[in-house]
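# Inside the fold
Here's the letter readout for the chains.
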Amino acid sequence: MTDHVDVLIIGAGLSGIGAAAHLAKDLPGTSYAVLERREASGGTWDLFRYPGVRSDSDMFTLGYRFRPWRGTTALADGASILRYVRDTASAYGVDRHIRYGHRVTSAAWDSTTARWTVTVEVDGETRQLTADFLWACSGYYDYDQGYAPHFEGQERFAGRVVHPQHWPEDLDYEGKRVVVIGSGATAVTLVPAMAAGGAGHVTMLQRSPTYVLPLPAQDGFARRARRVLGDRLSYPLVRAKNIGLATALYGLSRRRPRLVRRLIRAANVKLLPEGYAVDTHFKPDYDPWDQRLCLVPDGDLFRAISEGGADVVTGRIRTFTETGVELESGEHLEADVVVTATGLNVRIFGGADLVVDGAAVKPHETMAYRAMMLSGVPNFAFTIGYTNASWTLKADLVAEYVVRLLRHLRETGARTVVPVRDPAVGEVPLMDFDAGYVQRVIHTLPRQGDVAPWQLKQNYLHDSRTLRRARIDDGVLSFR
């Protein structure tokens, strides 16, 4: 079966549904399809089922710019986010354009026809679709397998080892001793949730500390603004406030990291028991925002520690034993269940291979234009969000720009657009981010340039001005 659409979107998660909604509302008459490898929409928010799963950024910025988040919860639970994403798909008719069970394996561009031929696997069969424009909205991590390093002696452990990315429905941890390996957003969510959910005791075992910042679970300003102004008028106001605060915190962290260290430490000390070893367990050896901050609603992690349902141990694993985990220090942690919250495997474009006129595209040999297109790859865009702010802030900007780009093609009669790389532009890594999941694969990712428009700014306020005002025919994009 061969089918053709103007725009083919890969992924029916937060980015893909947002992209399709932008097409539906801003570029009527555009035919499109959304290919989703799984049998359900929602992406991350349908895949992750571990206890307490929630956003790690506030919902007034994680929500779409064009559709208000109607709750007052700042860090919303996964089920609420999934409902919001699917309601958005329904509201804009996107749900009628999603094709489930379509796993994209490759996409080949042919300059003679100015089309992409996309190969997909459906029910064990290989099919092809064609499109004038290809838009990868599949996120940046591997849905099939999370990052799960092998630990010495793991096969000897008599209990159960699980990874949060594929949480087993039959896992019973009632009254049991749980060790959660990790210190990132997933771990700091799991620990208080499992402690409150009936676990006998939960230990967060971390190799090194992470910055953990308590945040009010309810946005009081949002509640008051909504009461006075209603949803439609209050949402952009609350969103602007939260963007401003997040941008200010990031900027302060880069300019005065010692001050931000002290502020975070003070917030931790206030919520932990007197005499607690804060500097052992919550004082990283890197500056704030070298890696992403972990936000905890109403300090739930600290409350679980204070109430005795959880604790934190900092140290390196020497080996698993039959009954738990032994550290290099000699300490032994008894466990019935071990949760390896050890992170993600980065996988861009959903793992699809790109080919342009018969030549395989090697992402690390390309340069990212405005962090959304690749040099030398025609009629192609991708959506990857910010590392220091809500994902959707960048996703909305990308979608707005792509709509402008497609409108320009339509108005001028051009059939192709491709960023042309300037050899004088220097190369730097795509992400200036020390997180392990990024550093493990940074050499395989596209590069960015050292000057605009090849340079990524981790700043929404800057990008919103730049991208919305940028000329489409800027001399870097080649149209034919």
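Residues numbered from 1 in each chain as written. Predicted model: local features only at pLDDT ≥ 70, side-chain atom pairs only at ≥ 80, totals over all residues. Heavy atoms only, no water.

### Things to note about unusual backbone geometry
Heads up, the rule is: Strands are runs of DSSP state E lasting at least two residues, helices are runs of H or I lasting at least four, and both sets are numbered from the N terminus onward. The buried label applies to any residue whose accessible area, calculated with a 1.4 Å probe on protein chains only, is under 20% of its type's maximum; exposed applies above 50%, and partly exposed to all values in between.
Cis geometry is found at the peptide bond from Ala452 to Pro453, where omega equals 0 degrees. One can find Pro453 in the loop between strand 24 (447-449) and helix 12 (460-469). Positive phi, close to 50 degrees, is recorded for Asp123, a residue that is not glycine. For Asp123, a relative accessible area of 70% puts it in the exposed group.

### Considerations on the sheet that holds strand 9 (residues 201-206)
Our working definition: Only strands that DSSP links by at least two bridges are regarded as paired with each other. To obtain an axis, a line is fitted to C-alpha atoms, over the contacting stretch when the element is a helix, and the angle between two such axes runs from 0 to 180 degrees between their N-to-C directions. Contacts are assigned to residue pairs with any non-hydrogen atoms lying within 4.5 Å of each other.
An order of 7-16-8-9-12 is seen for the 5 strands of this open sheet, with the pairing classed as parallel. The sheet is open, and its two borders are formed by strand 7 (160-162) and strand 12 (310-314), each paired with just one other strand. Between one strand axis and the next, the sheet turns through 20 degrees on average, direction left out of account. In this sheet, strand 16 (residues 337-340) lies alongside strand 8 (residues 177-181) in parallel orientation, the contact comprising 4 bridges. Among the inter-strand pairings, Val180 is bridged to a residue of strand 16, identified as Val339. Along the sheet face, helix 5 (residues 185-196) touches strand 8, strand 9, strand 12 and strand 16 and points at about 165 degrees away from the line of strand 9.

### Brief notes about helix 10 (residues 391-412)
What counts, and what does not: An expected span of 1.5 Å times one less than the residue number is assigned to each helix.
Taking 1.5 Å of rise per residue, the 22 residues of helix 10 would be expected to cover 32 Å, and the 32 Å separating its terminal C-alpha atoms lies within 8% of that figure. Among the 22 residues in helix 10, 17 count as buried, and that is most of the element.

### Side note on the pattern of salt bridges
We count it as follows: By definition here, a salt bridge exists when the distance from a side-chain nitrogen of Lys or Arg to a carboxyl oxygen of Asp or Glu is within 4 Å.
According to the stated counting rule, one finds 29 salt bridges in the structure shown. Glu400 is the salt-bridge partner of Arg468, the closest N and O atoms lying 2.8 Å from each other. With Arg468 in helix 12 and Glu400 in helix 10, the pair connects residues that are 68 residues apart, well separated along the chain. Looking at Arg468, the relative accessible area reads 31%, which means it is partly exposed. Overall, Glu400 belongs to the buried group, its relative accessible area being 15%. What you see here is one network of salt bridges that share partners, running through Arg37, Asp142, Asp144 and Arg347.

### A look at the packing of helix 10 against helix 12
Each pair of packed helices can be described by the angle between their axes along with the distance between the axes. Stated formally: Oblique is the label for every angle not falling under 35 degrees (roughly parallel), over 145 degrees (roughly antiparallel), or within 65 to 115 degrees (roughly perpendicular).
In contact at an axis separation of 10 Å, helix 10 and helix 12 are set at 5 degrees when each is read in the N-to-C sense. The orientation of helix 10 relative to helix 12 falls into the category roughly parallel. For the pair helix 10 and helix 12, the contacting residues are Leu393, Leu397, Glu400, Tyr401 and Arg404 in the first and Tyr460, Asp463, Ser464, Leu467, Arg468 and Arg469 in the second.

### Overview of the nonpolar core
To keep things clear, this is the line we draw: Nine residue types can take part in a nonpolar core, namely buried Ala, Val, Leu, Ile, Met, Phe, Trp, Tyr and Cys, and a core is a set of them joined through side-chain atoms within 4.5 Å.
In terms of nonpolar packing, the biggest core is built from 136 residues, with Trp116, Trp135, Val180 and Phe380 touching the most fellow members. Counting residues per element, this core draws most heavily on helix 10, which supplies 12 residues. Within the second largest apolar cluster, 13 residues are counted, among which are Phe151, Phe157, Ile181 and Leu205.

### Focus: the packing of helix 6 (residues 220-255) against helix 7 (residues 257-271)
This is how it is decided: When residues are sorted by character, Ala, Val, Leu, Ile, Met, Phe, Trp, Tyr, Cys and Pro go into the nonpolar class, Asp, Glu, Lys and Arg into the charged class, and all the rest, Gly among them, into the polar class.
The geometry of helix 6 relative to helix 7 is characterised by a closest axis approach of 5 Å and an angle of 120 degrees between their N-to-C directions. One way to sum up the angle between helix 6 and helix 7 is to call them oblique. Contacts between helix 6 and helix 7 involve Leu249, Leu252, Ser253, Arg254 and Arg255 from the first element and Pro257, Leu259 and Val260 from the second. When the residues that make up the contact of helix 6 with helix 7 are grouped by side-chain class, the tally is 5 nonpolar, 1 polar and 2 charged.

### Structural notes on the side chain of Ser253
Summarising the element assignment, Ser253 is placed in helix 6. Residue classification places Ser253 among the buried positions, given a relative accessible area of 1%.

### What about the sheet that holds strand 15 (residues 332-334)?
Neighbouring strands of a sheet are bound in pairs by backbone hydrogen bonds; such pairs are parallel or else antiparallel. Here 3 strands make up an open sheet; going across it, the order is 13-14-15 and the pairing antiparallel. For this open sheet the edge positions go to strand 13 (317-320) and strand 15, each flanked by a neighbour on one side alone. The sheet shows a mean angle of 20 degrees between the axes of neighbouring strands, direction not considered. Direction of pairing for strand 13 relative to strand 14 (residues 324-327): antiparallel, over a ladder of 3 bridges. Paired with Thr319 across the bridge in strand 14 is Glu326.

### Notes on the packing of aromatic side chains
Pairs of aromatic rings are described using the distance from one ring centre to the other and the angle between the two planes. We count it as follows: Any Phe, Tyr or Trp ring, taking Trp's six-membered ring, that has another such ring centre within 6.5 Å forms a pair; planes under 30 degrees apart are called stacked, those over 60 apart edge-to-face, and the others tilted.
Counting across every chain of the model gives 21 aromatic pairs. Aromatic side chains Phe66 and Tyr92 sit 5.4 Å apart centroid to centroid with 90 degrees between the ring planes, which places their arrangement in the edge-to-face category. You can see Phe66 sitting in the loop between helix 3 (59-62) and helix 4 (78-91) and its partner Tyr92 sitting in the loop between helix 4 and strand 3 (98-100), a full 26 residues away along the chain. Looking at Tyr92, the relative accessible area reads 27%, which means it is partly exposed. A centroid spacing of 5.8 Å and a plane angle of 80 degrees characterise the contact between Phe157 and Phe320, whose relative ring orientation is edge-to-face. Pair noted here: Phe157 is in the loop between strand 6 (125-136) and strand 7 and Phe320 is in strand 13, with a separation of 163 residues, a long-range link.

So yeah, pure geometry; function would need other evidence.
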